[in-house]
Each structure stands twice: as C-alpha cells, then as structure tokens.
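# Examination of the molecular architecture
Each chain, letter by letter, is given below.
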Amino acid sequence: PSDPAASAPRPRCTVPMSAAGHLYWSRAPTNPEGSVAPKKISTNTSSPAAAVDADKPWCPIFKWGQRGGTVYLTIFVPCLKGTDDVSIDITDRAVEFRAERVAEFAGGRSAARSYRLQLQLFAEVDASRCVHHLRHDHVRVELAKRRNQPWRSLQAPGVPKNPNERPDFDHVDSDDSDSDSQPTPRPRRATPLDRASGGRGGRGGVVASLLSGCVEAASGALRGLTAAEVALVLLVAAHVLACPFTKVEESFNLQAVHDLLFHRTDIAQYDHHAFPGVVPRTFVGALLLAAASAPAVLALQLAQAPKLYAQVAVRVTLGLASAAATARVHRAVARRFGRQSGLAFLTLSLVQFHPLFYGSRTLPNTFGVLAASLATAAWLEGRHQAALSTLTVGTVIFRFDLLLLLAPLTLLVAARRQLPLATIAATGIGSGAAALLPTLLLDSLLWRRPLWPEGEVLLANTVGNMSANYGTSPAGWYFYSALPRALSLAYPLALASLPLVPRAREFVGVALCFVALYSLLPHKELRFILYAAPLLNAGAAAALAHLFARLPPRNAKTAGRRTAAVLGRAAIAASLAGSFALACCFTAAARLNYPGAHALLALHASSPPRGTRGPRVHVGVEAAISGVSRFLELPPPWQYSKAEGLAPAQLTRFSHLLTGANDDATRDLPGFELAHVESGFTRVAMRPPFLLTEPKINVLRRRKEGAVGRAAAAATEGDYFL
C-alpha cells in the first residue's frame, strides 16, 4: 500500500476487434488475481512452434448464458478431432475442462497444445443431468441448475472474473424469468386411491393408503427419467411379467426374502436351515430387497392376493434397482462421450436380453452387477476413489469374484497416478472393513455360527475347486459364446471402439482383462461375466456414436454420398432390429423353462381342498429347481414337503407328487395315477415350431384317499412340512 505504483489502477485490457479475434488465447491462470491481457499467436514469427510455450496449459476463450433452469457454457478450442483427448469433469459446484490437441502451422510444422479451464460455479448444479457436446471448434456444456433461479455471474462470489470470459447473448433470460417468485403449485386432484382411503377406516383404506404411497414413490422415482430410461424400466418389468418364476440358482435369495417378509423374527422357520445349499450366501442383499419391497408386499397381504404377486413385487423392485443403475451409467456415458453416445448406450441396452433378464433375478451375481454398474458410472465421471470403494464393498459382501474386476482397475488407477498409493490402500482397507462388519454380524446371526459367506465361497471354489464339479468349458468360451449372446450387437462394437475411440480403450480394456482372468477358472457360466457388461456397453456406445457421426448427411450433394448415408443408417437400424428380435426369441424360450412352477399351478387349479384335511404335496428335486418356491405355496390346509431321498414307500403318505418325467422310481408308483404332464424347453429348431419342448414334470395323484400303509404313515422322520 505504501508503494504508489502498487496502488495505481491497472490499465483495462482491450481486445482488438479483428477478423481473427476469436483466436486469442491466454496462458494466465484460470482464476487470476487481477486482470491479465490475453496473448496472441504472432503470425510474423519465423518459428510458429516456438511462439508459444507448449509445456504450460492454455486457458481457452469461453462464453456463458442462461435460460430457465439451464446454464449454457461454450468453450472454444479450434480444430478438435474425434481422436483428441478431451475430458470434462462436472461436480455440483465446479467444472474442469481439459483438452489435448496438435496445432498445425504453415510449412508442415506442428506443436502439442494443452488447454485447461477450471470454474467454481455460482450455485449448485445437478451433475447427473448435465450434458456436453463436442463440435469442430468448440465444446458446448449444458449445466442443469438445482434451483431454478437466475445466476448473477458464472463463478462463485469472490472469484475474480476470468479475462477470457464472454457473455452468450443467444441464451439470456427475459425479465419475467428473473423474478425470484415461483408460480403457486396447482392443488393435486384427488385420485381414486385418495378417495378410497380418506374418511373411512378398515382394510380397504389401509390397502389404498399403501398403494397410494407406492404409486407416489414410483412416480417420484420416474419423474427425473428420460423417455428412453422409462422404456428401460418398462422393459425390465415386462421381463418379470413374462417370466415371473425363478430357477435353482436364485433360490437362496428368493427364499430368504420370503422368510424375512413372512416369518420375520421366527428364524427357526427359515428355509436355509433345512436346505443350506452347497455354500452359504449372505443375507445382506435379501434384507435390503425385503425392506424395499415390504410396503408393496404388505398391501398385497392385506388385499389377500396370492403370494405369487408378492414374488412379482419383489422381483420388480430388484429390476427397478437394476434399471436405475443402468440409467446412472447412461448419464455418465453421456457426460463422458457426449449425448449421442448416451443415447446409443440406452439403445444398445434396450435390445439386449441377458442384462435386462438377469436384472430382476435374485442371484448373488445381480447384486454384484449393481455394484459394478455404480462403480462404472463413478469411473466414467472421474471419481476413481468412489469406483474403487463401491467395487470393494461388492466384493466383500456379494461376490468375491468382483476382485477380478477390481484388481485391473486398481492397477490402472495406480499406474496413471490418478490416486496416490496411500489413498488407494486406505480406500480398500476402509471400505473392506466397513463392508465386512455388517455381513459378519447379520450372517453369523442367521446362520447360527461365525461366518463370512464370501470368504467361505472363496475357499470352496479356489482351494476345494468345487465349482468344477458342475461342468467345465474351454478357455475361450466366454469370448466366442457367452459375450456374443449376452451383448449381441454391442460386442463387436466394443471391440471396434479400441481403434476407433481412444478415450474408450481403458474401459473396454479393463472389461476384457476381467473376462480373460475369469476364463482361467474351468467352470463357466454366462452370469459370471455380466459385471463387464456396463463397461463394454459404454465402449460400444462410443463406437456406435462415432460411426453414426461419420455417415454422410442424407441431403448430401452427390448421389454416391446420399446412397452411402441411406445404406449406413439402414445397416445400423437393421442390426438393432436383429438384436431385438434375438432378445425376443430368448424371452420366448425362457418362458418355457419353468415346468416345475407351471406344474404346481396346474395342481392348485385342478385339486381344490376337500374338508379340513387338505392336499399334501411332495415337490421333487426336478420341480424344485425349475420354478417352485415358497411364494407359490397356498395357505393351509395345503401342506408341502421338499424332503429328498425318500423311498417309494414313504411317498405314499402324500396325496400328490411332483416328480421328474424321466424318474424311473416314481413312474409306476403303486397307488398313484398320472394327473398332469408339464413340458419344458429343450432346444431351438430351424423349422416351425422353432422352440421344441418335451415332458419335464409329472403330477401324480393318489387313487384313493387314506390308502396309506401303516408303516409308511408312521415313518415321518426327514419330512419337511411347511
């Protein structure tokens, strides 16, 4: 202050209004303490490459404006190409832009250019709804405001204005929109559910209130979704309605959800005590799913709906969670690669069968895919620590094989120094310990012994090699069979993204590394590698958007280019249509793959209970692994047993038997007659009918009630009546 020169006002920077005014660049910091005059690339320098310092990042000129709830930010970087490294990281209160390109000068000279822009925003934005578009000479960023109020400046109060900042007169709010007053919301019209629940008590009012709450929660969740994301939700729900039953791989979590919803604190009645399975599984996922679906199940109970509806509600709840995770990845892809890539990601997801079909199955792998999807979204957004933490939690609680995806991602983050090694170690240890505590407490309580389920599964499959007992496949089976069926069109596009889209290589490379590591295990199933689907779909979407952007316009001047434009778009549309048709064929085959459930429903319809003593049904192994679950059981006087290893004489105490069609021990069982035969899917034929079936389950009915031998009636040990 004592220095007169320091207290004198700085001269105002004036930019000459010339035809090349938009080519001015500044090497000053993004948020300088004072005004720094922009510098211009001299056209008289003998060495253009030496006219600038390529080692320092350049701050580009940018302009901003606002309209309604959106702030429009345009960053000018000339001559951008699809191969240039451009990244935009958007958080709630900041935007960071980075670009790397090669500037070409006269005489064949070139020099590398690095551009960087950091902004501290005036107010919070919704990062999940922000998008950006890459153009030839600029990048357009659309920031969605959290509160629809006008911004007085682009950056936060107290941050000096950047000398390269310009106003965008194409996006200026009118005077009416500057008012802070918000329109008064219109009163909501009473719905039939409101009228049913208001002014009266009883079961009908309670049911209507619960259903109204479920509808309000669902509408609130869907309100922020785009039309394509809503189509994704509806398609997941359609898969549940088309195939509402489950197979043996899903039985533990489904039976656990049933017991948590219906038996609650009566742990002695839980199914896993009688049928623990080959290896123990965690109850954490089942508990979360039961809590999320409890309101809908309670409403169905009060309405006295069949328990099968509760199974559908549970699976729809899980499907909605999977659809939400996919939508989260979609928005991350749109922010990373652009809106067209985001749209391509959703389109590819809609025409696939296995990711949507497995999204509502109560498999441990489904919970692992949820963790992998959230980690993929975090990685695409540049939140590497969140991605590592999410995968660590999923590895410890749900599926230890997620470690094969976590390991290459951790090595990549460490090799690129995107996180310090100390931070990586602290994230792994902290997240692992935080995830280990709930699974130890909950599973030790419900399994009645100290237990970490995934640790025991790891020992069984690695040291004991138990998984090999269920069949083995060739080393390359995942690459030539599983991935083409699971991803259809997205699989070749993901491979094509490696040379076409350099920014997608790391995501596709980590996914392929995961599949290669998993291929070392001899036992292989398609569901084991679904964790790689979000990453591969992201790379495929970037490749599809890249190819579509390079198609000639439909109104091209030459006939050849117009023909190429039509043929290129037709090829893309035909490929998508073919993938969707293949998904429909898979769905039709899946509907025929649950003969046990259909046989039990046929038995319920044909054998109503008579008197106080209802039917006693024995569910054989073939029926139990092909769709039968506790959700399909009817209340007393119906009785059910899944006891295994019973002699033919012991089966005579039951009134009905569900047995395998090829079971020689029960085919000619004395005292029983064949009441129904249920067929199931076998294979695909090249001529109608394309989906071939064969008898799978026999429903046997006892000829005469009460004709049970005294010895057989007394031998009740080993039965498991519910």
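Report follows, based on the coordinates. Bear in mind the structure is a predicted one, so any value in this text is a computation, not a measurement.

### Observations regarding the overall build of the protein chain
- Looking only at helices and strands, one finds 23 helices and 13 strands in the protein chain.
- In the protein chain, buried positions account for 45% of the 722 residues.
- In the protein chain, 72% of the contacts between residues at least 6 apart in sequence involve partners at least 24 apart.
- Total accessible area computed for the protein chain in this model is approximately 35,500 Å², and 60% of it derives from carbon and sulfur atoms.

### A few points about the pattern of salt bridges
- In the structure shown here, the tally under the stated rule is 23 salt bridges.
- Close ionic contact of Glu506 with Arg336 constitutes a salt bridge, the shortest N to O distance being 3.5 Å. Of the two residues, Glu506 is situated in helix H17 (residues 505-518) and Arg336 in helix H7 (residues 307-337); the sequence distance between them amounts to 170 residues.
- With its nearest N and O atoms 2.8 Å apart, the salt bridge here joins Arg399 to Asp401.

### Remarks on empty space enclosed by the protein
- Within this structure, the stated rule accounts for six cavities of 30 Å³ or more.
- Along its surface, the largest cavity is lined by 23 residues, and Ser322, Thr326, Pro355, Val369 and Ser373 are the ones closest to its centre.
- Contributing elements (two or more residues each) for the lining of the largest cavity: helix H4 (227-242), H7, helix H8 (339-350), helix H9 (354-358), helix H10 (364-380) and helix H18 (533-549).
- Examining the composition of the lining of the largest cavity, we find that six residues originate from one element, H7, more than from any other.
- Considered class by class, the residues forming the lining of the largest cavity number 14 nonpolar, nine polar and no charged.

### Points about the packing of aromatic side chains
- The full count for this structure, using the stated rule, is 19 aromatic pairs.
- Arranged with centres 6.1 Å apart and planes meeting at 75°, the rings of Phe262 and Phe631 form a pair that is edge-to-face. In this pair, Phe262 is assigned in helix H5 (residues 251-263) and Phe631 in the loop between helix H21 (621-624) and strand E10 (639-641), connecting sequence segments 369 residues apart.
- On the basis of relative accessibility, which here comes to 1%, the residue Phe631 falls in the buried class.
- Ring pairs connect the aromatic residues Trp477, Tyr478, Phe514, Tyr518, Phe528 and Tyr531, which therefore count as one cluster.
- The ring centre of Tyr594 lies 5.7 Å from the NZ or CZ of Lys247, which sits over that ring.

### Let's talk about the side chain of His354
- Mapping His354 onto the fold places it in helix H9.
- Looking at His354, its side chain comes within polar contact range of the main-chain oxygen of Arg485, at 3.2 Å.
- Not counting chain neighbours up to four residues away, the residues in contact with His354 comprise Arg485, Ala486, Leu526 and Phe586.

### Overview of the environment of Tyr115
- Looking at the element boundaries, Tyr115 is found in strand E5 (residues 110-120).
- Of the residues examined, Tyr115 reaches a relative accessible area of 4% and is grouped as buried.
- Taking the C-alpha atoms as reference, Tyr115 lies 6.6 Å from Pro60; in sequence the two are 55 residues apart.

### Examining the pairing of strand E1 (residues 62-67)
- Strand direction decides the pairing type here: E1 and strand E2 (residues 70-76), joined by six bridges, are antiparallel. Considered in E2, the bridge of Gly65 is made with Tyr72.
- Between the end of E1 and the start of E2, which pair antiparallel, lie two residues, with Gly68 showing a positive phi angle near 65°.
- Judged from the three bridges that link them, E1 and strand E8 (residues 165-167) form a sheet pairing that is parallel. Bridge pairing in E8 places Phe62 opposite Glu165.

### Here's the deal with helix H16 (residues 490-500)
- The complete set of buried residues in H16 reads Ala490, Tyr491, Leu493, Ala494 and Ser497. All buried residues of H16 project into a common sector of 165° when viewed along the axis, lining one side.
- In this structure, the buried residues of H16 make contact with H8, helix H15 (477-487), H17 and H18.

### Concerning helix H20 (residues 595-606)
- Between its terminal C-alpha atoms H20 stretches 16 Å, which fits the 16 Å expected from twelve residues at 1.5 Å a residue.
- Buried positions along H20 lie against strand E9 (616-619), H21, E10, strand E11 (656-660), strand E12 (672-684) and strand E13 (691-702).

### Some thoughts on the packing of H10 against H18
- Two elements in contact, H10 and H18, have axes whose closest approach is 9 Å; the angle formed by their N-to-C orientations is 40°. Taken as axis vectors, H10 and H18 run oblique relative to one another. The residues of H18 that touch H10, namely those facing Ser373, Thr376, Trp379 and Leu380, are Pro534, Leu535 and Ala538.

### Things to note about the sheet that holds E1
- Taken together, the five strands give an open sheet; going across it, the order is E6-E7-E2-E1-E8, and neighbouring strands pair in mixed fashion. The strands lining the two open edges of the sheet, one partner per strand, are strand E6 (131-134) and E8. For this sheet, the mean angle separating the axes of adjacent strands, direction not counted, is 20°.

### Considerations on the side chain of Ser655
- By secondary structure assignment, the location of Ser655 is in the loop between E10 and E11.
- Among the polar contacts listed, one links the side chain of Ser655 to the backbone nitrogen of Arg616, at a separation of 2.8 Å.

### Notes on unusual backbone geometry
- Cis geometry is found at the peptide bond from Pro636 to Pro637, where omega equals 20°.
- The residue Pro637 is located in the loop between H21 and E10 in this model.
- A positive phi angle, close to 55°, is found at Arg417, a residue other than glycine.
- Its identity is not glycine, yet Arg448 carries a phi of approximately 65°, on the positive side.
- The residue Arg448 is located in the loop between helix H13 (421-447) and helix H14 (453-462) in this model.

Reading the values: the criteria
- Residues numbered from 1 in each chain as written.
- Predicted model: local features only at pLDDT ≥ 70, side-chain atom pairs only at ≥ 80, totals over all residues.
- Heavy atoms only, no water.
- Helix = DSSP H or I, 4+ residues; strand = E, 2+ residues; numbered from the N terminus.
- Buried < 20%, exposed > 50% of the residue type's maximum accessible area, 1.4 Å probe, protein only.
- Contact = heavy atoms within 4.5 Å.
- Areas by Shrake-Rupley, 256 points an atom, 1.4 Å probe, with all protein chains shown as cover.
- Salt bridge = Lys/Arg side-chain N within 4 Å of Asp/Glu carboxyl O.
- 1 Å grid on protein atoms, 1.4 Å probe; cavity = no way out; pocket = protein on both sides within 12 Å on 5 of 7 lines; lining within 4 Å.
- Points joined across faces, edges and corners; volume = space filled by probe spheres on them.
- Nonpolar A, V, L, I, M, F, W, Y, C, P; charged D, E, K, R; others polar.
- Phe/Tyr/Trp six-rings, centres within 6.5 Å; stacked < 30°, edge-to-face > 60°.
- Lys NZ or Arg CZ within 6 Å of the ring centre and 35° of its normal.
- Polar contact = N/O pair within 3.5 Å; in protein donor to acceptor, adjacent residues only side chain to side chain.
- Pairing = 2+ DSSP bridges.
- Arc of directions from axis to C-beta.
- Expected span 1.5 Å × (residues − 1).
- Axes fitted to C-alpha atoms, helices over the stretch in contact; angles between N-to-C directions.
- Parallel < 35°, antiparallel > 145°, perpendicular 65-115°, else oblique.

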